[in-house]
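So the chains spell out like this:
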Amino acid sequence: MTDIKEVSYEEIRHLVSDRALEGETMLLNMGPQHPSTHGVLRLLLELDGEKVVNCIPDVGFLHTGIEKNMESKTYQKAEVMTDRMDYMNPLGNNLTYVLAVEKLVGLDVPERAQAIRVILAELQRISSHLVWLGTSALDVAAMSVFLYCFREREQILNIFELVSGQRMMTTYFRPGGLWRDVPSGFEQAVREFLEVMPHRIDEYEALLTKNPLFLDRTLGIGSISAEDALNWGLTGATLRASGVSYDLRRFAPYSGYEQYDFEIPLRTEGDVYARYIVRILEMRQSLRIIEQALRKLPAGPVRSSNRKFVPPPRSEIGTSMEALIHHFKLWTEGFSAPQGSVYVATESPRGELGCFLESDGGPKPYRVHFRTPSFDNLQVLPKLSKGFLVADLVAIIGSVDIVLGDIDR
Amino acid sequence: MGVEQKLGEMGVVTARLEDVVNWGRTNAMWPMLFGLACCAIEMMSAQAANYDMSRFGMELMRPSPRQSDLMIVAGRVSRKMAPVLRRLYEQMPDPKWVIAMGDCASSGGVFNNYAVVQGVDEIVPVDVYVSGCPPRPEALIHGVVTLHEKVRKEKIKDWA
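Residues numbered from 1 in each chain as written. Chains lettered and ligands numbered in written order. Predicted model: local features only at pLDDT ≥ 70, side-chain atom pairs only at ≥ 80, totals over all residues. Heavy atoms only, no water.

**Notes on the packing of aromatic side chains**
All names here are of chain A.
Point 1. On inspection of all chains with the given rule, the structure shows eleven aromatic pairs over all chains.
Point 2. Between Y273 and Y276 the ring centres are 5.9 Å apart and the planes differ by 35 degrees, which places this aromatic pair in the tilted class. Of this pair, Y273 and Y276 both sit in helix α13 (residues 272-295), three residues apart, which is roughly one turn of that helix. The two residues Y273 and Y276 agree in class, both being buried.
Point 3. What links up through ring pairs into an aromatic cluster is the set W132, F214, Y273 and Y276.
Point 4. Over the face of the ring belonging to W132 we find R279, whose NZ or CZ atom lies 4.7 Å from the ring centre. (Phe/Tyr/Trp six-rings, centres within 6.5 Å; stacked < 30°, edge-to-face > 60°. Helix = DSSP H or I, 4+ residues; strand = E, 2+ residues; numbered from the N terminus. Buried < 20%, exposed > 50% of the residue type's maximum accessible area, 1.4 Å probe, protein only. Lys NZ or Arg CZ within 6 Å of the ring centre and 35° of its normal.)

Structure representation (structure tokens):
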């Protein structure tokens, strides 16, 4: 085990108020093992009775060194790491990373691959919101919602397993397209999901939206104004619940999102309830996008034909010397990217997920950095929770929808 | 144990203490509600309606280590988390068991680097390893059933 360094009094003195030293307020440690912190988040709470005076988040309990590890892998192999970053949104992480690589090397993506990417990314958004809905309802003591949400989530994971062979860590999107085309049962499976899901969302709403117990726990709790939300750098549903219409799918479209017709759900209250409503409406909009993408799903290849970056199909390797060389080069050495740096941002279920790639001209990235939405959204937690009860803090943490893998990576 | 057949008309049954205690331990083994990373989501799936771990007497997740018998290490353990994990283990009352769920907890998985403990068995004794990244809920349930089999074979002289 690593040595634990003693922290001196002077180093931590500034964290708490003078009242804490006089014993007027109480210091309480919440986490890292706590059912309501949604992972290994540690909060140092200063309490006046039940009221939160100050809340200091302590992150890093899940620091995995993903960014550093990616530097020692070729561009194709590093993608495996991105799945495990924000583990509610593996396909969205893949998408951000492959878009960055494609921008770096200037790679084209066929129409069909783009449409399938949109369908799967939106399915992932719904599954992420389902986990959020189930767990944050559990936090405010609505037990049954959790079971219903995970029922539908299984249906989405079955679709992922159908296309990629894995339930969660799919690594299905690759630079230049997809790993392979979707199997024949894909469209049918997505249609079945589209058919049942609207009614299921109605069911969740019937359980929560007008439930007086749920309203008591969420209305007017942890509210933030639009101006403050922008100043704190919030993105995603947390920002849109405060009335700022900012969605990268609309304002900086990627992967063909400009072709689809969808609304950006907005609320102005900025409290826990508004965030709940925004996410519920977002699920409905995601269904709309999936339906449109499925309706005009074009035929054709799912991988770019640029053999310098995309491996040739197996069938070609047996007959073409050139294909064999490309295959060998790509899987031993990888492809080299031109010198330079790119930043690509997508709308993850939690907000703006950005990928920064710096290339020194070699086959491995010189530096990879992710601008993760949970990390930036977490910093507002002390502001949101001040003056509320400890029980409300639990609802607030749930409503910001943090994923610790996304924060610490 | 087939108690019904042995009971007969007498209303009395004889059994070895070992068997009865081990049987009791397996059918109400409370896991600790302790998730670390990706595997925790699959652990939640295993608890939810489709997989329903309560079929094996495992539905009651205790958030407090002092009330739990089984620690499922679901996810990668960072160097910062390692002392916390060890302390949680020490807070659990005996008898206690550990399942290392997933590749990261078992061996470090894809993360061979400065930040991740290369297998949770460096910190706590592990009874069952479940492979997969992340393991399917079925795999976790198989791991739990394997642990139950192991507990049923425990000997009274080893209880200490």
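**Observations regarding the interface of chain B and chain A**
Point 1. With 39 residues of chain B at the contact, the number on the chain A side is 38 residues.
Point 2. A combined buried area of about 3,200 Å² lies between chain B and chain A, and 64% of that area is made up of carbon and sulfur atoms.
Point 3. Of all residues in chain B, B:I41, B:R76 and B:K80 give up the largest surface area on contact with chain A, accounting jointly for 18% of the area buried on that side.
Point 4. Taken together, the links from chain B to chain A amount to three salt bridges.
Point 5. The salt bridge partner of B:R136 is A:E161, with a shortest N-O separation of 2.4 Å.
Point 6. Counting across the chain B and chain A interface gives 16 residue pairs in polar contact (both at pLDDT 80 or more).
Point 7. Only α3 (38-47) and α4 (82-91) of chain B provide two or more residues apiece to the side of chain B that touches chain A.
Point 8. A class-by-class count of the residues in the side of chain B that touches chain A yields 27 nonpolar, six polar and six charged. (Contact = heavy atoms within 4.5 Å. Buried area = accessible area lost by both parts, 1.4 Å probe. Salt bridge = Lys/Arg side-chain N within 4 Å of Asp/Glu carboxyl O. Polar contact = N/O pair within 3.5 Å; in protein donor to acceptor, adjacent residues only side chain to side chain. Nonpolar A, V, L, I, M, F, W, Y, C, P; charged D, E, K, R; others polar.)

**Side note on the sheet that holds strand β7 (residues 351-359) of chain A**
All names here are of chain A.
Point 1. The strand order across the open sheet formed by three strands is β6-β7-β8, and the pairing between neighbours is antiparallel. One side of each edge strand has no neighbouring strand; the edge strands of this open sheet are β6 (340-348) and β8 (365-371). Shown here is a sheet whose adjacent strand axes are inclined to one another by a mean of 15 degrees, direction ignored. (Pairing = 2+ DSSP bridges. Axes fitted to C-alpha atoms, helices over the stretch in contact; angles between N-to-C directions.)

**Points about the side chain of A:N377**
Residue and element names in this part refer to chain A.
Point 1. Looking at the secondary structure, you find N377 in helix α16 (residues 373-378).
Point 2. At 3.3 Å, the side chain of N377 forms a polar contact with the backbone nitrogen of T235.
Point 3. The residues contacting N377, other than those within four sequence positions of it, are G233, L234, T235, T238, R350 and V400.

**Some thoughts on the domain arrangement of chain A**
All names here are of chain A.
Point 1. For chain A, the assigned domains read domain 1 (9-58) and domain 2 (66-305 + 335-408).
Point 2. Using C-alpha coordinates to define each centre, domain 1 is positioned 31 Å away from domain 2.
Point 3. Facing 18 residues of domain 1, the contacting portion of domain 2 comprises 18 residues.
Point 4. When domain 1 packs against domain 2, the two sides together hide about 1,500 Å² of surface, and 69% of this comes from carbon and sulfur.
Point 5. Three residues, H38, E50 and V52, lead the burial of domain 1 against domain 2; their summed loss comes to 38% of the area buried on that side.
Point 6. Viewed at the interface, domain 2 and domain 1 are joined by zero salt bridges.
Point 7. Counting across the domain 1 and domain 2 interface gives three residue pairs in polar contact (both at pLDDT 80 or more).
Point 8. Sorting the residues of the side of domain 1 that touches domain 2 by element identifies β2 (42-48) and β3 (51-58) as the ones contributing at least two each.
Point 9. It is β3 that contributes the most residues to the side of domain 1 that touches domain 2, six residues altogether. (Domains from an automatic or database assignment.)

**Examining the pattern of salt bridges**
Point 1. Taken as a whole and assessed by the stated rule, the structure comprises 42 salt bridges over all chains.
Point 2. The partner of A:D58 in a salt bridge is A:R42, with the nearest N and O atoms 2.9 Å apart. Pair noted here: A:D58 is in strand β3 and A:R42 is in strand β2, with a separation of 16 residues, a long-range link.
Point 3. B:R25 is the partner of B:E154 in a salt bridge, and the nearest nitrogen-oxygen pair spans 3.9 Å. Of this pair, B:E154 sits in the segment after α6 (137-152) while B:R25 sits in helix α2 (residues 17-27), and the two are 129 residues apart along the sequence.
Point 4. Since its relative accessible area comes to 24%, B:E154 is described here as partly exposed.
Point 5. B:R25 gets classed as partly exposed once you look at its relative accessible area, which sits at 23%.
Point 6. Bridged by salt links that share partners, the residues A:E122, A:R125, A:R240, A:D247, A:R249, A:E282 and A:E347 form one connected network.

**Brief notes about the environment of B:V21**
Residues and elements named next belong to chain B.
Point 1. Looking at the secondary structure, you find V21 in helix α2.
Point 2. A residue is classified by how much of its surface remains accessible, and V21, at 24% relative accessible area, is partly exposed.
Point 3. Between the alpha carbons of V21 and V151 there is a distance of 9.8 Å; along the sequence they are 130 residues apart.

**So, α3(B)**
Point 1. Extensive coverage of α3(B) is indicated by the burial of ten of its ten residues.
Point 2. The complete set of buried residues in α3(B) reads B:C38, B:C39, B:A40, B:I41, B:E42, B:M43, B:M44, B:S45, B:A46 and B:Q47.
Point 3. Against α6 (111-139) and α7 (143-164) of chain A together with β1 (70-74), β2 (97-101), α5 (102-107) and α6 of chain B lie the buried residues of α3(B).

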